[in-house]
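So you can see what is in the structure, the chains are spelled out below.
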Amino acid sequence: MLLRRFYISLFIAAVFVTFLLSPLVAPKVVHGLTLFNNPITVTSRTYSEHFPDYIDLNASVNDTAGTINRVSIVLTFSADGAPETHAVPLSKPGNAIFVSWREDTSSGHFIPPGVQVYYSWEFWDSAGNTFTDAQQQFTTIDTRFNWQHLTHGMLQVNWYNRGQDFGQFVLGKASASIQSISDTLGGGLNQPINLWIYASDQGFHGSLAPGSYEWVGGEALPALHEASIVVVDYSDNTLVRDMPHELTHLVFHQLIAQGITAPTWFDEGLAEYNQIFREVELRARWQKALASQSLLRLSQISDNFPANADQAYLAYAQSYYLLDYMYRTFGKPRMIQLIKLMNNSQTTFDQDLQQALGVDQLHLENQWRLSLGQPAVLTINEVKPTPQPVIQVKQTQNVSTNYTTFWLLIGLGIFLVLVSLISLIVLIIYSVRHNKALKVQANVPATAKWQQGNQAYTYPDPSTYMQTSMYTQPSSQPVSPYQGSEYPIHTPGEQAPQE
């Protein structure tokens, strides 16, 4: 018994010693902390951005148990991006070293302003120790300019080389624009956005990815919740053209963030529709396409717009006039319903159109083209009825109701005529029989009449005269039928007339 207790105590002691010594035997992997006295510590971290060419990331590290012989850095661009691990070259191992990594952001590696960058360092030493530093993060910015900032609600405006009054002016214009856009779309911002104001076209184009179209005059990046435009002075047309255009993209994409990818013509058409100013060249290009019957098919501008500047300009014009037609034909409430339905990833754009407007994209395109006097895209057999304005629907319902009421009244009239005829026939038969009975009675002898008069009177069976009543009305009554991006640069001009 004593020996058994000895073995049990020995086993418990062995387990306890193993638990205490395990941190010394196993390699120490620590994330951002110096638990178990990890000898590797990071003493400083810095980054330096040189937009648009590269980003330098640096760290200083000490090791009290050995020499650091291997380093790597893990980079992630945006919160949902895939991590990239890079081996960092070392000039020589050491117990106190400075490490640096240069991330190329030029040409095909371009990273636009506004991207969230996450990074962490990893170190290994000659003693078998491993250390992973805590993750750091920063947001890329166009470092070519010294930016100033103003914020109102969820909107931040950024500008440079102008005074505070300029920033306040732009902030007021942008806030009013967002309010108007939200009213048209049926909802507003639910996440903060940034609006970057460049003072020149050259400065703006330097912020775009290499190979961007030369005709681009504004840019919206909904995934980053930011947009960029050029504003030269207080009277610049871009304040009533490019700014509401790009802000519409940001508001719209937040409203459909959980749903489908909108067709480009719908996305850009909404942005054009919310502009206060549209240049006369847009209407001129539209009229030219109508005259030559050269409108683009919606299938051609659903994924993206043409690279050719002239065709891209037509795509913008066509998208605007189609959205204008939709708002005029179906009304703002149903367009707002359509946008709400688009925030569902389980339905397609055609299904959303059908539910909100009662027509799919192909029939919408056909109906719109016919209203413009353009060639149809469907044959007569393929065309199905399309919804009419609300007033017309009500008129149709009234006509249907009057038509039903007319036949109900006709049926009731026929029924009353038949009842009258039957009553007349019954009355005639009764009169004929009554006259015959009187004649027979007149021919009976007086004695017989006296005998009949002194006979006991037998009462008729009540069932023979209580089956019907002169007050009985027809039981059936008539039944009521009611039971039951990017924006192109153009020379400013006067505003195109609204249609």
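Everything numeric in this text was worked out from a predicted model, so none of it was measured.

Just checking my understanding: could you explain the environment of E103 for this structure?
Looking at where E103 falls in the secondary structure, it is placed in strand β6 (residues 96–104). Residues contacting E103, with those up to four places away along its chain left out, are D53, Y54, I55, L75, F77, E84 and H86. Polar side-chain contacts of E103 include one of 3.0 Å to the side chain of W101.

Can you walk me through the confidence of the model for the protein in this structure?
Close reading of the predicted structure is inappropriate where its pLDDT is low. Here the protein averages 81 in pLDDT, while 74% of its residues score no lower than 70. Contacts from residues 1–7, a stretch scored under 50 in pLDDT, to residues over four places away or in other chains number 0 contacts.

I tried to follow the packing of helix α8 (residues 332–341) against helix α9 (residues 349–357) on my own but got confused; where do I start?
Two quantities define a packed helix pair, namely the angle between the axes and the distance from one axis to the other. Contact pair α8 / α9: the axes reach a minimum separation of 9 Å and the direction vectors enclose 145°. Between α8 and α9 lies a crossing of right-handed hand. Facing R334, M335, Q337, L338 and L341 of α8, the residues of α9 in contact are D352, L353, Q355, A356 and L357. The residue makeup of the contact of α8 with α9, split by class, is 6 nonpolar, 2 polar and 2 charged.

Help me understand the packing of aromatic side chains in this model?
What describes a pair of aromatic rings is the distance from one ring centre to the other and the angle between the planes of the rings. Counted according to the given criterion, the structure contains 23 aromatic pairs. Note on W286 and W368: the rings are 5.8 Å apart at their centroids and 20° apart in plane angle, and the pair reads as stacked. Of this pair, W286 sits in helix α6 (residues 280–292) while W368 sits in helix α10 (residues 361–371), and the two are 82 residues apart along the sequence. Neither residue differs from the other here; W286 and W368 are each classed as buried. Members of the aromatic cluster, each reached through a chain of ring pairs, are F145, W147, Y160, W196, Y198 and F204. Taking the ring centre of W124 as reference, the NZ or CZ of R70 above it sits at 3.7 Å.

Thresholds applied
- Residues numbered from 1 in each chain as written.
- Predicted model: local features only at pLDDT ≥ 70, side-chain atom pairs only at ≥ 80, totals over all residues.
- Heavy atoms only, no water.
- Helix = DSSP H or I, 4+ residues; strand = E, 2+ residues; numbered from the N terminus.
- Contact = heavy atoms within 4.5 Å.
- Polar contact = N/O pair within 3.5 Å; in protein donor to acceptor, adjacent residues only side chain to side chain.
- pLDDT = per-residue confidence, 0-100.
- Axes fitted to C-alpha atoms, helices over the stretch in contact; angles between N-to-C directions.
- Left-handed = near helix turned anticlockwise from the far one by under 90°.
- Nonpolar A, V, L, I, M, F, W, Y, C, P; charged D, E, K, R; others polar.
- Phe/Tyr/Trp six-rings, centres within 6.5 Å; stacked < 30°, edge-to-face > 60°.
- Buried < 20%, exposed > 50% of the residue type's maximum accessible area, 1.4 Å probe, protein only.
- Lys NZ or Arg CZ within 6 Å of the ring centre and 35° of its normal.

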